[in-house]
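# Geometric and topological summary
Here is what each chain is made of, one letter per residue.
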Amino acid sequence: MYQEVSERNIPAIQGDQVATHYDQVRAIFDVLHGKKEADLLLKNLNILDVHSESVYQGSILVYNKRIVALNPDEAAIKVRQVFDGEGLYAIPGLIDAHVHFEAQLAHPVAFGEAIVPCGTTTIFSECLDFVSAAGPEAIPATAGLFKDHQNLPYRVFAFAPGKKTSVQVTEALLNMEPFIGLGELAHLTYSVGNDDDFRKSALGRAKGGFMNTHWGVTALSDMMLNYMPAIGAFANHDVWKEDDIEKSVRYGLQTQIKFGVGSPEVIKTMLRAIVKRKWPTENFQLCADNISVDRVLTKGHMDWIISLCAEMGIDPIQAIKMATLHTARAFRMENKIGSLTPGRFADIVLTDSLSKINPRFVFKDGELVAKDRKMLKQVQIDYSGMAKQPVPGLGDLTAVQLDLVPLEVSADGSQAKVLLFDVYGRGHEKFFQEVWVPFQGGKVVPEYKGVKLNRISVVQRYANGKRHVVNGLFKGVSIEKGAVATFWPAPKAYFVVVGGESAEMLHCLQQVDSHVGGCIVTEDKQVKAMLPLDIYGVMANMDLAQLLQGTREIDAALTAIGNYNEGEPVVNKLLTLFISLDRFGFMV
């Protein structure tokens, strides 16, 4: 729970801090009285007041990255720059309440190139996959990931991993900037009283109490549903249906409506429930969770989900508050972000509509960083030193190990029981099933209910004795020939390969194994497209344009061999499998 104020944790006043604050308050006084020059005056605006839920005509004065005045007396002030807002609506910079920004394959600069033109100026981010992938280098690698984060064109607040890492790593990260709390605990361990979870939860409480929880609340036992908020978990981003939302709200959790994973209809189902049940919007925040930069550029980020909220019947101002003030208040940062009021950072979005957000101009700290969905601020942070060298592990893998062998054969010998995995069932019971399929000539026919399917193999990269391999059928990629394989190192180093023939699948795996990580498409044992992920196997050492080209080349190569894809790029779609493969025990 939130850290309580006591004599023990009130920081002592330092003399140099007092001097700094003295200079700041004196400077603001001088700016407002025309004795000192302000940095920026934004004029000719229709300003959204999220507190009174009203719009008024006015101007905003900025000094030293913060708003210092609304509607200042222009005859009495001096200002370095004047910006004409063209009568556009001014709304607070948008906030993503929960995102795995390292799971988007983009390093922080490339990720910013995608989200900032959409009006996003703050993210609250998990980094557990990156930390887990870095292994023994987790602490210095994470420091490298967030180096110079103050120079990014968006604010980032991070959560130390509640799963996939050791207690020692979690503790070290909680003492770093920009970490503010504890991230997701692992449902399969916290529900049985794992001591590491007790220790991580204690560290999160000591840090200040920002602890995330997830796993659809209707899947929790009543005792576990009580346990999470009782120990201080304050936010829940894992809601998939109306009953989930009802329980999440009832148990006092800040409920984060996500739009980045699962079926596109899931988000609409949740928004319909909010409208139907007339739940107060202050219970909710908006977040992406997992979303590709490709999808951000084609659909949008927080701007798109606010617009969708309005389309589904939520009042546009309430929708904006779910991505601004409500989130800021949940994280106790409403004195810094979330509204256009004096003292807050000058994170401002100018849009020509409140019901369909169209970020014409995006300011962060009073600096114009994006215009008409194009970045203006170019940040130079070099992450190439974090790229690793490949460590192959599949030298002894054979094609036979990828053959689909029945779990069981029917009494008459005509059917075989096999595993069926479904990318669209990620995270829930529909992710995998045991199904009966035709069995002819001693071989499984890859067909279920009359629909031809590809095969999938889940392959351990570094064998400790016998290599762990799981074979089954797959719904989510449909190719007529060739194969596609990808690798993800967190929390365990595994490959996934999809195809129709074991020798081709093996060759595709071997190509990926020659890299740190990535995704490769092959046909007739020739590489048709490749996206390398050289930064610990989870991020591309590329700018946004290069990353987009790589993911789209993968999709194009798959289209050429029969796949039809919609929604997320296949690279991102396949990588989401690893979450559920671990959750449901398919990795050892």
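Described in the following lines is the structure provided in the data block. Because the structure is predicted, anything quoted here is derived from the model rather than measured. (Residues numbered from 1 in each chain as written. Predicted model: local features only at pLDDT ≥ 70, side-chain atom pairs only at ≥ 80, totals over all residues. Heavy atoms only, no water.)

### Things to note about unusual backbone geometry
Backbone torsion omega between E177 and P178 reads 5°, so that peptide bond is classified as cis. Along the chain, P178 falls in the loop between α5 (167–174) and β11 (179–185). Here the bond from A490 into P491 is cis, since omega is 0°, no more than 30 degrees from zero. By the secondary structure assignment, P491 is in the loop between β28 (483–488) and β29 (494–499). (Helix = DSSP H or I, 4+ residues; strand = E, 2+ residues; numbered from the N terminus.)

### Thoughts on the pattern of salt bridges
The final tally for this structure, using the stated rule, is 30 salt bridges. Across the salt bridge formed by R360 and E86, the nearest N and O atoms sit 3.7 Å from each other. With R360 in strand β17 (residues 359–364) and E86 in the loop between β6 (82–84) and β7 (89–92), the pair connects residues that are 274 residues apart, well separated along the chain. The class of E86 is partly exposed, set by a relative accessible area of 45%. The partner of K417 in a salt bridge is E408, and the shortest N-O contact between them spans 3.4 Å. Taking relative accessible area as the criterion, K417 reaches 18% and is therefore assigned buried. Linked by salt bridges that have partners in common, E242, E246, R250, K276 and R277 make up one network. (Salt bridge = Lys/Arg side-chain N within 4 Å of Asp/Glu carboxyl O. Buried < 20%, exposed > 50% of the residue type's maximum accessible area, 1.4 Å probe, protein only.)

### Details of the pairing of strand β26 (residues 454–460)
In terms of burial, β26 is largely enclosed, as 7 of its 7 residues are buried. Side chains of β26 alternate between two faces, with N454, I456, V458 and Q460 and R455, S457 and V459 buried alike. The pairing of β26 with strand β27 (residues 469–475) spans 6 bridges and is classified as antiparallel. Counted as the bridge partner of V459 is V469 from β27. As defined by bridge partners, β26 adjoins β29 across 6 bridges and the pair is classed as antiparallel. The residue bridging S457 from the neighbouring strand is V497, located in β29. (Pairing = 2+ DSSP bridges.)

### A few points about the nonpolar core
Counting residues in hydrophobic clusters, the biggest one holds 124 residues, and the most contacted among them are F130, I257 and L581. Among the nonpolar cores identified, the runner-up in size contains 16 residues, and L45, I47, A346 and I348 belong to it. (Core = buried A, V, L, I, M, F, W, Y, C linked by side-chain atoms within 4.5 Å.)

### Observations concerning the packing of aromatic side chains
Under the definition given, this model contains 21 aromatic pairs. Between the aromatic rings of F487 and F495, the centroid separation amounts to 5.0 Å while the plane-to-plane angle is 50°, which identifies the pairing as tilted. Judged on exposure class, the residue F487 and its partner F495 are both buried. Members of the aromatic cluster, each reached through a chain of ring pairs, are F124, F157, F159, F210, F234 and F331. R155 extends its terminal NZ or CZ atom over the ring of F345, reaching a point 3.8 Å from the ring centre. (Phe/Tyr/Trp six-rings, centres within 6.5 Å; stacked < 30°, edge-to-face > 60°. Lys NZ or Arg CZ within 6 Å of the ring centre and 35° of its normal.)

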